[in-house]
Amino acid sequence: MARHAVDMGELESDGPPGAPQARTIATAADWDIAEYTCHYGPGDRAFEEQHGHYTIAAVMQGHFTYRTDNGRGLMQPGALLLGNQGKCFECGHEHGIGDRCIALHIAPQLFDEIAASVTGALNYKFRRAALPPMPGLLPQVAKIETLASQGDALLIGQSVPTLVASILSAASGQQPTRRAATARDERRVSRVLSYLQANASKESLGLDELADVAIMSKYHFLRTFQQTVGVTPHQYLLNLRLRGAAVRLATTSEPVTKVALDNGFGDLSTFNDRFRRVFGTHPLAYRARGG
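A.B. asks: Would you take a moment to explain the pattern of salt bridges for this structure?
C.D. replies: Between side chains of opposite charge, pairing is possible as soon as their charged atoms come close. What the rule picks out here adds up to 12 salt bridges. For lysine 218, the salt bridge identified is with aspartate 208, shortest N-O distance 3.1 Å. Of this pair, lysine 218 sits in helix H6 (residues 218-229) while aspartate 208 sits in helix H5 (residues 207-214), and the two are 10 residues apart along the sequence. We classify aspartate 208 as partly exposed; its relative accessible area is 37%. Among the salt bridges present, the one from glutamate 254 reaches arginine 248, with a minimum N-O distance of 2.6 Å. According to the relative accessible area criterion, arginine 248 is partly exposed, its value standing at 22%. Residues joined in a network through salt bridges with shared partners are Arg248, Glu254, Lys258 and Asp262.

A.B. asks: Where do I start with the packing of aromatic side chains in this structure?
C.D. replies: For any two aromatic rings, the description comes down to two numbers: the centre-to-centre distance and the angle of the planes. Per the counting criterion, the structure on display carries 12 aromatic pairs. With a centroid separation of 6.5 Å and 85° between ring planes, the pair formed by tyrosine 40 and phenylalanine 47 is classed as edge-to-face. Accessibility expressed as a relative area gives 10% for tyrosine 40, which makes it buried. Following the ring pairs from residue to residue traces out a cluster consisting of Phe265, Phe271, Phe275, Phe279 and Tyr286.

A.B. asks: Explain the packing of helix H4 (residues 183-198) against H6 here, please?
C.D. replies: Each pair of packed helices can be described by the angle between their axes along with the distance between the axes. Close contact between H4 and H6 brings their axes to 10 Å; oriented N to C, the two are set at 85°. As the angle between them shows, H4 and H6 are arranged roughly perpendicular. Judged by residue contacts, Asp185, Glu186, Val189, Val192, Leu193 and Leu196 of H4 engage His220, Phe221, Thr224, Phe225, Thr228 and Val229 from H6.

A.B. asks: Sorry, what's going on with the sheet that holds strand S6 (residues 71-75) here?
C.D. replies: Through backbone hydrogen bonds, the strands of a sheet pair up, either in parallel or in antiparallel fashion. The sheet built from four strands is open, its strands ordered S3-S8-S5-S6 with antiparallel pairing. At either margin of the open sheet sits one strand with a lone partner, and together these are strand S3 (49-50) and S6. When strand S5 (residues 64-68) meets strand S8 (residues 88-92), the two strands line up antiparallel, connected through four bridges. Paired with threonine 65 across the bridge in S8 is glycine 92.

A.B. asks: What's the story with the layout of surface pockets in this structure? I'm lost.
C.D. replies: Empty space among the atoms becomes visible once a probe the size of a water molecule is rolled across them. Estimates place the volume of the second largest pocket at around 330 Å³. Along its surface, the second largest pocket is lined by 18 residues, and Gly151, Asp152, Gly266, Thr270 and Arg274 are the ones closest to its centre. Those elements that place two or more of their residues in the lining of the second largest pocket are helix H3 (153-172), helix H7 (233-251) and helix H9 (268-279). Top element by residues in the lining of the second largest pocket is H7. It accounts for four residues. Its residues assigned to classes, the lining of the second largest pocket shows six nonpolar, seven polar and five charged.

A.B. asks: What exactly am I supposed to notice about H3 here?
C.D. replies: Along an α-helix, a turn takes 3.6 residues, which lines up residues three or four apart on a common side. Along its 20 residues, H3 runs 29 Å from first to last C-alpha, staying within 8% of the 28 Å computed at 1.5 Å per residue. Along H3, 15 of the 20 residues are buried, which leaves the element largely enclosed by surrounding structure. At the C-terminal side of H3, glycine 173 shows a positive phi close to 80°.

Rules used in this analysis
- Residues numbered from 1 in each chain as written.
- Predicted model: local features only at pLDDT ≥ 70, side-chain atom pairs only at ≥ 80, totals over all residues.
- Heavy atoms only, no water.
- Salt bridge = Lys/Arg side-chain N within 4 Å of Asp/Glu carboxyl O.
- Helix = DSSP H or I, 4+ residues; strand = E, 2+ residues; numbered from the N terminus.
- Buried < 20%, exposed > 50% of the residue type's maximum accessible area, 1.4 Å probe, protein only.
- Phe/Tyr/Trp six-rings, centres within 6.5 Å; stacked < 30°, edge-to-face > 60°.
- Axes fitted to C-alpha atoms, helices over the stretch in contact; angles between N-to-C directions.
- Parallel < 35°, antiparallel > 145°, perpendicular 65-115°, else oblique.
- Contact = heavy atoms within 4.5 Å.
- Pairing = 2+ DSSP bridges.
- 1 Å grid on protein atoms, 1.4 Å probe; cavity = no way out; pocket = protein on both sides within 12 Å on 5 of 7 lines; lining within 4 Å.
- Points joined across faces, edges and corners; volume = space filled by probe spheres on them.
- Nonpolar A, V, L, I, M, F, W, Y, C, P; charged D, E, K, R; others polar.
- Expected span 1.5 Å × (residues − 1).

This is the structure:
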């Protein structure tokens, strides 16, 4: 695999036959997720590259060698490649042909904030080239792959910092520091709660928007909200939407599709699935029994 960490917003797919092909999955101002598919093999020369941002790449298929200033690793499915911004690296395929990885590129400001919270150290850098497949990391690897199929901006936005924190914890051996929410934090979270209640039907709510309402950084807001409220912003919003839909189903004869769309669900199948998970029955059955 090559080009694990080109600059965010500049993912490329051009190159010689077999060269890694990049596909952008999701992107934000301070991170992006991309899939890389490579067909290089033992006859292809490894070449030096440079990480444009901090990189965490989950190997999905194939295997290859990864060399950087923090060491060397044989990457295989389930392993996590770790890269520091600005550092050079090489990937080689001496022992097999091709691989597929999903890479998360994190901008320095976001990475530094998360790393300081997890490790307690300023200017933290990865001290190893990779994390091997291990039971404790399997959920994180699965999470990286699952994000590729998520279309919910708020869910993806809050998942990325949480995912980075979990992997930093595994890489450093440290647990995230916790502090009690202050009265100022509670006031800021309360503003967001009011905003969510007033805009629950807005389909495109994202983490950036909510953090701006709170006047907090995204990662600090995410941690503070969950600590204060007890659930993530996405779960709180989902609960608001489902409760509003349940009331409409029980008190009106409006079509289920209209109820779903009016309560912020982008499509009927997603609404039906989430409603059934929470209420234990299909929306039409819920309406038939009167709620």
